[in-house]
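The residues making up each chain are set out below.
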Number of protein chains: 2
Amino acid sequence: MPAAPGPAQPRPFPPPALQDLPPGDARLCLHIERFCRRELGLAPGSHLLLALSGGADSTALAVLLRLLAPRMDLRLSALSVDHGLRPESRGETRRICALCRDLGIPCAMRRADVAAAATAWGCGLEEAGRRVRYALLEEERAALGADWILLGHHAGDLSEDVLLRLTRGAGWPGLAGMAPRDDARHLLRPLLFTAPAALRALLRHLGIRWSEDASNASLDYRRNRLRHEVLPLLRRENPALDRGLATLHRLGSLDGNFWEETLDRALTAHPWQKGMENGAPAITLPRALLAALHPAARLRLYVRACRALGEESRRSEGDSHGQPRAATLLALDAALREGRGNTHFQLPGAVEALVRGGCVRFRVWTY
Amino acid sequence: MPAAPGPAQPRPFPPPALQDLPPGDARLCLHIERFCRRELGLAPGSHLLLALSGGADSTALAVLLRLLAPRMDLRLSALSVDHGLRPESRGETRRICALCRDLGIPCAMRRADVAAAATAWGCGLEEAGRRVRYALLEEERAALGADWILLGHHAGDLSEDVLLRLTRGAGWPGLAGMAPRDDARHLLRPLLFTAPAALRALLRHLGIRWSEDASNASLDYRRNRLRHEVLPLLRRENPALDRGLATLHRLGSLDGNFWEETLDRALTAHPWQKGMENGAPAITLPRALLAALHPAARLRLYVRACRALGEESRRSEGDSHGQPRAATLLALDAALREGRGNTHFQLPGAVEALVRGGCVRFRVWTY
């Protein structure tokens, strides 16, 4: 009589190679490897800093990258930022460090006083946490000489981001959501088109625990309200919603690329003028450049000028919050077309636009 | 002792002129007049067929156009379609006819068997009602020799439409929602950027009653679920949501215009080839045309070819349902780029696309 099947054997940890994984998990790894190579252009020999919170997403990021590192010739480091907002956060950070030790990834830990930062900047805890986290990650990346910061955002986060941007009045292609690769900020999001369920399944199969951040359930944050209240209703209408939004994102990337190329050509023919005003950088878009462009292209030129100044002044924070509102861009272009002189417009990153003499001048607003 | 204020005097009906209206309502009229002139390009002397359901929106449309007709030199007719789905619909249609008599607008009434049409076409009641209604309106417009059919869609409908399209996986600029002017289908939507509350306020101030269609409250329809369940949550996050979506719509129109101009230029240099296949129209996009365009422009070319065939074959119904899904367009372009021959794609309006020899051929699928 054949023996009854016994309980599933605990799998070895850390997982030695892809072929030791269940087939679905191995496919997930290969899918992410292909995405990293083809879409993110991740080069062999790259040094990557993983941003780890201890939640399911970033834990899966660490495991997946650990599996792919030998295949893709990657060097890994990790940073965990303890926001110090919840009593359990210190324990979570220690658990991440233990996981990284098991995976053989050197992991640093930084403690941030997010509450103090929020008070100092006069912004909410969520916004302050985001800013502090990105600043510490960039500091660590630069100190290590790493090439990229890797974030654990997945397809569910992308859908939330699209809905957040739609709610906030974003334009196009900004509406299509966060970028999988952000060169200016050295960010990569290798899981951006992966369903969160696949990440949790991988962790369960490997017997790896993660922390559930209680603040993810709190309806005090807009992002969570969209996640828990709005997105389930939309998914009920179309169970393939997230796939649809991922497609929209790809269309947005294509359009973004198209506008960049269109502006590159226009700026080669009619360069913008960079200078300083009151000790802060400024950009003037000359009349000939503006006149050569379709209004739809001019709107994207305004975004580009605004972003160039924001990057120089290092005041522009985050990628979704730094998006100018479409209404402001349309109003700016209407002022230009109607020849309304000396009209001012406030844009993100403390950038101000001024229409004057058929030109548009962008400058950083100095306090 | 001064007399207590009496009840408000009923205002004269029909309202003789704008200056007899409360200031807010007069401003609303002027706003819509400006929109009709500037954005819709409505010419003096036009003959307009109003689509009236008896609901608040189309009742307000009738009143507003009646007020604007002498100022804009417009000739008005109306059609009310009784869908015969609810016992009260016959009474509602009679009430519309009475309103039109008071307003001096000749009104026709048509009865449609929507339930039978839904069975015949194998589609839902909502879809069948829409198709029958538009067909009868177009029949009446042609019979009268009228220039345009006027629809009562307002800013709330536009927001719903954007959300419907987002849910369904629309691309850009289709995602930005229904057009205020649709030349191919002779449709104008003069209220598209007007808040529904302003329309109801106008009717209340004039003492004009409207019918509440009970099916608007039914959660059996996706549109109603988005209206009653999802949009209120998004408006709670941003009370200016509808204004933001109206801005998005304007950005979409600009982009739509940009892509049309870009394709016009490309098609002048490399025309597409029109012909017949199995007795149905077909369009071939030549290799030189496809190679000259950025992928983002090619996607819009596919939409244009698909729409041109749909219009010829008269099978494409409605403006939102006729939008190809972005995923299909991206897959079609990937097949072209990767040189995958003999790959077929199904598009709305019974159009099929076929990649072959570096060309893309669109044809109407014949049964």
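Structure: above.
It should be emphasised that the depicted structure is a prediction, and the values quoted were computed from it without experimental measurement.

Here is what the cut-offs are and how they apply
Residues numbered from 1 in each chain as written. Chains lettered and ligands numbered in written order. Predicted model: local features only at pLDDT ≥ 70, side-chain atom pairs only at ≥ 80, totals over all residues. Heavy atoms only, no water. Pairing = 2+ DSSP bridges. Helix = DSSP H or I, 4+ residues; strand = E, 2+ residues; numbered from the N terminus. Axes fitted to C-alpha atoms, helices over the stretch in contact; angles between N-to-C directions. Contact = heavy atoms within 4.5 Å. Buried area = accessible area lost by both parts, 1.4 Å probe. Salt bridge = Lys/Arg side-chain N within 4 Å of Asp/Glu carboxyl O. Polar contact = N/O pair within 3.5 Å; in protein donor to acceptor, adjacent residues only side chain to side chain. Nonpolar A, V, L, I, M, F, W, Y, C, P; charged D, E, K, R; others polar. Buried < 20%, exposed > 50% of the residue type's maximum accessible area, 1.4 Å probe, protein only. Parallel < 35°, antiparallel > 145°, perpendicular 65-115°, else oblique. Left-handed = near helix turned anticlockwise from the far one by under 90°. Phe/Tyr/Trp six-rings, centres within 6.5 Å; stacked < 30°, edge-to-face > 60°. Lys NZ or Arg CZ within 6 Å of the ring centre and 35° of its normal.

## Focus on the sheet that holds strand β9 (residues 343-347) of chain B
Residue and element names in this part refer to chain B.
(1) Moving on: Taken together, five strands build an open sheet; the order of strands is β7-β8-β11-β10-β9 and the sheet is antiparallel. With one partner strand each, in any of the chains shown, β7 (273-277) and β9 form the two edges of the open sheet. The sheet shows a mean angle of 25° between the axes of neighbouring strands, taken without regard to direction.
(2) Moving on: On top of the sheet, helix α12 (residues 326-337) reaches β9, β10 (351-356) and β11 (359-364); it is set at about 160° to β9, its chief contact.

## Things to note about the sheet that holds strand β3 (residues 107-111) of chain B
Residue and element names in this part refer to chain B.
(1) Moving on: The strand order across the open sheet formed by six strands is β3-β2-β1-β4-β6-β5, and the pairing between neighbours is mixed. Sheet topology places β3 and β5 (181-182) at the edges, where each strand pairs with a single neighbour.
(2) Moving on: When strand β4 (residues 148-150) meets strand β6 (residues 187-188), the two strands line up parallel, connected through two bridges. In the strand pairing of β6, Leu150 is matched with Leu188.

## Overview of the interface of chain B and chain A
(1) Moving on: Opposite the 39 residues of chain B that make contact, chain A presents 39 residues.
(2) Moving on: Summed over both partners, the interface of chain B with chain A comes to about 3500 Å²; 72% of that surface belongs to carbon and sulfur atoms.
(3) Moving on: Contact with chain A buries area across many residues of chain B, yet Leu166, Glu237 and His294 of chain B alone supply 18% of it, more than any other trio.
(4) Moving on: One can count eight salt bridges joining chain B with chain A.
(5) Moving on: The shortest N-O distance in the salt bridge between Arg236 of chain B and Glu229 of chain A comes to 2.8 Å.
(6) Moving on: Viewed at the interface, chain A and chain B are joined by twelve residue pairs in polar contact (both at pLDDT 80 or more).
(7) Moving on: Those elements that provide at least two residues to the side of chain B that touches chain A are α6 (155-168), α8 (222-237), α9 (241-269), α11 (295-313) and α12 of chain B.
(8) Moving on: Residues that form the side of chain B that touches chain A fall into these classes: 23 nonpolar, six polar and ten charged.

## Considering the pattern of salt bridges
(1) Moving on: The tally for this structure, following the rule as stated, stands at 58 salt bridges over all chains.
(2) Moving on: The partner of Arg181 of chain B in a salt bridge is Asp183 of chain B, and the shortest N-O contact between them spans 2.8 Å.
(3) Moving on: Given a relative accessible area of 32%, Arg181 of chain B falls into the partly exposed group.
(4) Moving on: Linked through salt bridges whose partners overlap, the residues forming this network are Asp157, Glu160, Asp161, Arg165, Arg223 and Arg227 of chain A.

## Observations regarding the packing of helix α1 (residues 23-39) of chain A against helix α2 (residues 56-72) of chain A
Residues and elements named next belong to chain A.
(1) Moving on: For the pair α1 and α2, interaxial distance at closest approach is 10 Å and the crossing angle is 60°. When the axis of α1 is compared with that of α2, the two are oblique. When you trace α1 past α2, the crossing you get is right-handed. Where α1 abuts α2, its residues Leu28, Cys29, Leu30, Ile32, Glu33, Cys36 and Arg37 lie against Leu64, Leu67, Leu68, Arg71 and Met72.
(2) Moving on: Looking at side-chain class alone, the contact of α1 with α2 contains nine nonpolar, no polar and three charged residues.

## Description of the environment of Arg141 of chain B
Residue and element names in this part refer to chain B.
(1) Moving on: Following the sequence through the fold, Arg141 ends up in helix α5 (residues 125-144).
(2) Moving on: When the C-alpha atoms of Arg141 and Trp121 are compared, they prove to be 24 Å apart, with 20 residues separating the residues in sequence.
(3) Moving on: Each residue touching Arg141, except ones within four places of it in the same chain, is listed here: Leu49, Ala146, Asp147, Trp148, Ile149 and His186.
(4) Moving on: In terms of polar contacts, Arg141 uses its side chain to reach the side chain of Glu138, at 2.7 Å.

## Let's talk about helix α7 (residues 196-206) of chain A
Residue and element names in this part refer to chain A.
(1) Moving on: Listed as buried for α7 are Leu199, Ala201, Leu202, Leu203 and Leu206.
(2) Moving on: Those residues of α7 that are buried are in contact with α1 and α2.
(3) Moving on: In the segment just after α7, Gly207 is the residue with positive phi, at about 70°.

## Quick notes on the packing of aromatic side chains
(1) Moving on: Counted under the stated rule, the structure contains eleven aromatic pairs over all chains.
(2) Moving on: Taken together, a centroid distance of 5.2 Å and an interplanar angle of 75° make the contact between Phe258 of chain B and Trp259 of chain B edge-to-face. Comparing Phe258 of chain B with Trp259 of chain B shows no difference in burial state: the two are buried.
(3) Moving on: Among the aromatic residues, those joined into a ring-pair cluster are Phe258 and Trp259 of chain A together with Phe258 and Trp259 of chain B.
(4) Moving on: We note Arg131 of chain A situated over the ring of Trp121 of chain A; from NZ or CZ to the ring centre the distance is 4.8 Å.

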